[in-house]
Amino acid sequence: MMGEAATIDDVIVVGSGVSGLVTAYLLTQKKRCVRVLETASRTGGVIASGRHDGMLWESGPNSAMDTTPLINELLDSLGIRSQRADALKIADRRFIVRNGQLIPLPMSPPVFFSTKLFSAGTKFGLLREPFIARSSLEDEESVAAFVRRRLGQEFLDYAIEPFVAGVYAGNPDQLSVQAAFPKLFELEQRYGGLIRGLVLGTRERKRQREKSKNNAKSFSFNDGMQTLTDALARGIVSAGSIIETGIRATAIACDAEGCWTVRCIRGNEQEGEETEYRTKSVVLATPANTTAELLASLNAPWADDAAQALRSISYAPVSVVINGWQRDAVTHPLNGFGFLVPRKENAQILGTLFSSSMFQYRANGAHAVLTTFIGGMRQPGLVASDDDVLQTMAESDLASLIGVQRKPLWTRISRHPQAIPQYTLGHLERVRRVDAVKTHVPGLFFCASWRGGISVNDRIKNGYLVADETSAYLV
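What this report covers is the structure whose coordinates are included nearby. This is a predicted model, so every value here is computed, not measured. (Residues numbered from 1 in each chain as written. Predicted model: local features only at pLDDT ≥ 70, side-chain atom pairs only at ≥ 80, totals over all residues. Heavy atoms only, no water.)

A short note on the sheet that holds strand β21 (residues 444-446)
(1) Moving on: Reading across the sheet, the 5 strands line up as β11-β3-β2-β15-β21 and stay open at both edges, with parallel pairing between neighbours. The outermost strands of the open sheet, each flanked by one partner alone, are β11 (242-245) and β21. For this sheet the average axis-to-axis angle between neighbouring strands, irrespective of direction, equals 20 degrees.
(2) Moving on: Two elements, strand β2 (residues 11-14) and strand β3 (residues 34-38), share 4 bridges in a ladder whose sense is parallel. Residue pairing across strands places Val-13 opposite Val-36, the latter belonging to β3.
(3) Moving on: Helix α16 (residues 456-474) rests against β2, β15 (282-284) and β21 of the sheet, and its axis sits at about 175 degrees to β21. (Pairing = 2+ DSSP bridges. Helix = DSSP H or I, 4+ residues; strand = E, 2+ residues; numbered from the N terminus. Axes fitted to C-alpha atoms, helices over the stretch in contact; angles between N-to-C directions. Contact = heavy atoms within 4.5 Å.)

Regarding the nonpolar core
(1) Moving on: In terms of nonpolar packing, the biggest core is built from 43 residues, with Phe-118, Val-143, Val-147, Phe-155, Ile-160, Tyr-168 and Phe-181 touching the most fellow members.
(2) Moving on: For this core, the secondary structure elements donating two or more residues are β5 (55-58), α5 (143-150), α6 (153-167), α7 (177-180), α8 (182-191), β16 (315-326) and β20 (410-421).
(3) Moving on: Here this core gets 7 residues from one element, more than from any other, and that element is α6.
(4) Moving on: Excluding residues that lie within four positions of it along the chain, Ile-160 makes contacts with Val-143, Val-147 and Phe-155.
(5) Moving on: The next biggest cluster of nonpolar side chains, apart from the first, holds 37 residues, and it includes Val-11, Val-13, Phe-221 and Ile-236. (Core = buried A, V, L, I, M, F, W, Y, C linked by side-chain atoms within 4.5 Å. Buried < 20%, exposed > 50% of the residue type's maximum accessible area, 1.4 Å probe, protein only.)

Comments concerning the packing of aromatic side chains
(1) Moving on: Following the criterion strictly, the structure yields 12 aromatic pairs and no others.
(2) Moving on: Look at Phe-112 and Phe-113: their rings are 5.2 Å apart centre to centre, the planes differ by 85 degrees, and that puts the pair in the edge-to-face class.
(3) Moving on: Residue classification places Phe-112 among the buried positions, given a relative accessible area of 9%.
(4) Moving on: One aromatic cluster is present, built from ring pairs that chain together Phe-112, Phe-113, Phe-118, Phe-124 and Phe-155.
(5) Moving on: The ring of Phe-219 is capped by Arg-84, whose NZ or CZ atom sits 4.6 Å from the centre of that ring.
(6) Moving on: The ring of Phe-337 has Arg-94 lying over it, and the distance from NZ or CZ to the ring centre is 3.8 Å. (Phe/Tyr/Trp six-rings, centres within 6.5 Å; stacked < 30°, edge-to-face > 60°. Lys NZ or Arg CZ within 6 Å of the ring centre and 35° of its normal.)

Section: unusual backbone geometry
(1) Moving on: A positive phi is found at Lys-31, a non-glycine position, where the angle reads about 65 degrees.
(2) Moving on: By the secondary structure assignment, Lys-31 is in the loop between α1 (18-29) and β3.
(3) Moving on: In this structure Lys-31 comes out as exposed when scored by relative accessible area, which is 73%.
(4) Moving on: The backbone of Leu-334 sits at a positive phi, close to 55 degrees, despite the residue not being glycine.
(5) Moving on: Looking at the secondary structure, you find Leu-334 in the loop between β16 and β17 (338-340).

Some points on the packing of α1 against helix α2 (residues 70-78)
(1) Moving on: As a packed pair, α1 and α2 sit with axes 12 Å apart at the nearest point and diverge in direction by 65 degrees. The crossing of α1 and α2 is left-handed. Across the interface between the two elements, Val-22, Tyr-25, Leu-26 and Gln-29 from α1 touch Leu-74, Ser-77 and Leu-78 from α2. (Left-handed = near helix turned anticlockwise from the far one by under 90°.)

Thoughts on the pattern of salt bridges
(1) Moving on: Per the stated rule, a full pass over the model turns up 30 salt bridges.
(2) Moving on: The salt bridge involving Asp-305 is made with Arg-433; its shortest N-O contact spans 3.0 Å. With a gap of 128 residues between them, Asp-305 in helix α12 (residues 301-311) and Arg-433 in helix α15 (residues 427-435) connect regions that are remote in the sequence.
(3) Moving on: The class of Asp-305 is partly exposed, set by a relative accessible area of 32%.
(4) Moving on: Close ionic contact of Asp-435 with Lys-438 constitutes a salt bridge, the shortest N to O distance being 3.9 Å.
(5) Moving on: Classification of Asp-435 by relative accessible area gives partly exposed; the value is 23%. (Salt bridge = Lys/Arg side-chain N within 4 Å of Asp/Glu carboxyl O.)

Description of the side chain of Ser-19
(1) Moving on: Residue placement: Ser-19 occurs in helix α1.
(2) Moving on: A polar side-chain atom of Ser-19 sits 2.7 Å from a polar atom in the side chain of Arg-459.
(3) Moving on: If we skip the residues at most four places from it in the chain, Ser-19 touches Ala-285, Cys-447, Ala-448, Ser-449 and Arg-459. (Polar contact = N/O pair within 3.5 Å; in protein donor to acceptor, adjacent residues only side chain to side chain.)

None of this, on its own, says anything about what the molecule does.
Below is the structure:
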């Protein structure tokens, strides 16, 4: 039986990951009546934090980057800025594995020219980078092709490829530099080269009060990243708006007067209750495949084209193995953020975060928490492996790379079959095709990690943009 709400909301936000929650919260601060619909039993999406024997674990993002003043503005509004925890100075050091050894990633010119991570040929080859011509605006280039052209193969193998695996769990030969790393592309286009752009671009970022991700501080919260999503959810409800969990949006429709209907199923698919809500506008803060199905329900050629574009966005699957250890079971000093493993090293893992070294209060001095990532586009099939197989992979590589001995005190494993959207070649055109829908049905907006950046800080920034855009439409 179809139930129908008598009231008409200002906005329905479908999805309660960080994108949806930020957008919904900011709309409530603009005095909009918002309803958030979430399929899962809890809000927050992949962000989840907890403690085991006093040690803090994160099954999703371990931190965010303070790249924009909007972040502290949001934390102040939520009343949680005092709970923010900035990364310790030691976390500025990041390691790359080469020949089975952890080598610090050089962060300054003097260290770069003395590091064992790169050969002399690669080091002195950078001297020619400012003189390499910029690419054509019309020719889309993969991240790998861009780096090979400007910096060389070794730099790709031992800096950019592991970095791409750490950020996107992706393959640099498939990712679009324009879509996945637009700042790199802009540096080349605007300044003619990366080195020149890094120097000259610093002045502009200072004027804009923004920081590059290379220079921004990592931050989390004393009780983990879930502090942020929990506070957003509380703020939405305390403002008089509604969050419903365990309810799946199945279709959307817009009538001739511009009023939207969102059809839903509450509960399981077979026995669930069908219901629908009416709203003046809709924000889809959902993964690409879910967004595609909702757009397809509009039953129009332009919506079908957008749905097809969304279905072609792939996601990297990632398994996360989190272990608590006795500190003396790890011989490495764990004096950094963690390490990444290049593909050429033939390891089973993508990398490991030294989670308890990054922030205070994640473990006491007698313990250590390590968070290891497996799978990605490098080995996508591994996400389906049994827990004991994943744990064995992690333990084996940790033993050889950082001298882990004995067994962990505890283990927590989480799987994310659709962990990170891949901004592959053609991605910006796919997004353009989706955005074209808004010219046919005003009042529909998109805010999800398949567009505008995948990091928590990107999602916060885009939440502000979409909230402003939605609110302006409702005036």
